[in-house]
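In case you want the letters, here they are:
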Amino acid sequence: MSRTAAKQYVRVGAARLRSLIVGLLALATVTAASACTTGEDRPGIVVTTNILGDITREIVGDEADVTVLMKPNADPHSFGLSAVQAAELERADLVVYNGLGLEENVLRHVDAARESGVATFAAGEAADPLTFHTADEKGQPDPHFWTDPDRVRKATGLIADQVIEHVDGVDEGAIRDRADRYGEELTNLATSMEKSFDRIPEDKRALVTNHHVFGYLADRFGFQVIGAVIPSGTTLASPSSSDLRSLTVAMEEAGVRTVFADSSQPTRLAEVLRTELGGKVQVVELYSESLTAKGEGADTYLRMMRANTAAMTNGLTATGTTGTTGTTGT
Ligand SMILES: [Zn+2]
């Protein structure tokens, strides 16, 4: 082969290689696009908590895959990830998380994903957060924004924006339509909550909870937060005996006889409080920060909020009953 012929061969070879690469890239794009809809390779959207997972699925429908990391009936403050889940998070097109310090064991994985170029969206941070008023956490942001359906509606529109911007192949119109429809359901939820809570006399609109989980609901619907069994914004703290004493004093002063405990948390502490107050306390279980498994009473955000609204209204209007009641069947 002469030098010219060799050069020619190299040139032809390079051209063939280029067209081969272009072909392969096109194939890869097609594969990636179909993987987005079939979920074989790419995780699409990864959501940390199951409440945000349900909201995101309502917005996304069949347009993309949504993987939820937190299991039903788990504690958002303490759940952790398996190695497989951590890897999924780092390969996602978009990570939706609560933020504001809620998912304590997961946030470092979200940070790592962001550093490796994954789009991440903190729904709690974007939903006009309130701050705690408790002595220990004064000025710290309160992560439990989902107890206010208006803020969830705001987050719904923002999650839709993020999905359209970061997830390839989704139909923008379909996402907007779904987000709008879900937004209407959230407006209806807020209206029905107002109606239900209107049945509670002004002087009974007082909340004692397991930890400080209902600050947003109290702010939105005009409740007073008397205190919490764990006087903290996280379930990971534990109360001292003087904390329990000052709570019993506050409850005596406010004439509060109902304590709302989370159905996923042991009611042991609330029961201690009941003993302290001579058994004159009713412990009502709510679904405050986790969805249940399918069919268990709070398997969607809307069902969770409706069950809680009914249990809170009943718990604060009922007179003379003490004991523990659950939200199941309400
Ligand atoms: Zn909490």
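Attention here is on the structure that accompanies the text. (Residues numbered from 1 in each chain as written. Predicted model: local features only at pLDDT ≥ 70, side-chain atom pairs only at ≥ 80, totals over all residues. Heavy atoms only, no water.)

## Some points on unusual backbone geometry
Move 1: One non-glycine residue, Leu100, lies in positive phi territory at about 60°.
Move 2: Checked against the element boundaries, Leu100 lands in the loop between β3 (94-97) and α4 (107-115).
Move 3: Given a relative accessible area of 15%, Leu100 falls into the buried group.
Move 4: Not every positive phi belongs to a glycine, and Asp128 is a case in point at roughly 55°. (Helix = DSSP H or I, 4+ residues; strand = E, 2+ residues; numbered from the N terminus. Buried < 20%, exposed > 50% of the residue type's maximum accessible area, 1.4 Å probe, protein only.)

## Side note on the packing of aromatic side chains
Move 1: As enumerated under the stated definition, the model contains three aromatic pairs in all.
Move 2: Centroid distance Phe197 to Phe221: 5.4 Å. Interplanar angle 70°. Geometry classified as edge-to-face. Taken together, the residues span a long stretch of sequence, with Phe197 in helix α7 (residues 172-197) and Phe221 in helix α8 (residues 215-221) at a distance of 24 residues.
Move 3: By relative accessible area, which is 6% here, Phe221 ends up buried.
Move 4: Look at Phe197 and Phe223: their rings are 4.9 Å apart centre to centre, the planes differ by 85°, and that puts the pair in the edge-to-face class. Taken as a pair, Phe197 in helix α7 and Phe223 in the loop between α8 and β6 (224-228) lie far apart in primary sequence, 26 residues in all. Each of the two residues, Phe197 as well as Phe223, counts as buried.
Move 5: Put simply, the rings of Phe197, Phe221 and Phe223 touch in pairs and so form one group of aromatic residues.
Move 6: If you follow Arg220 out to its NZ or CZ, it ends over the ring of Phe221, 4.5 Å from the centre. (Phe/Tyr/Trp six-rings, centres within 6.5 Å; stacked < 30°, edge-to-face > 60°. Lys NZ or Arg CZ within 6 Å of the ring centre and 35° of its normal.)

## So, the pattern of salt bridges
Move 1: Following the criterion strictly, the structure yields 11 salt bridges and no others.
Move 2: The salt bridge involving Asp150 is made with Arg153; its shortest N-O contact spans 3.6 Å. Here the residue Asp150 and the residue Arg153 both occupy positions in helix α6 (residues 149-166), the gap between them amounting to three residues, near one helical turn.
Move 3: Since its relative accessible area comes to 24%, Asp150 is described here as partly exposed.
Move 4: Its relative accessible area of 34% is what places Arg153 among the partly exposed residues.
Move 5: Taking the shortest distance from any N to any O, the salt bridge between Asp150 and Arg220 comes out at 2.5 Å. Of the two residues, Asp150 is situated in helix α6 and Arg220 in helix α8; the sequence distance between them amounts to 70 residues.
Move 6: Three or more residues are tied together by salt bridges with common partners; here these are Asp150, Arg153, Glu194 and Arg220. (Salt bridge = Lys/Arg side-chain N within 4 Å of Asp/Glu carboxyl O.)

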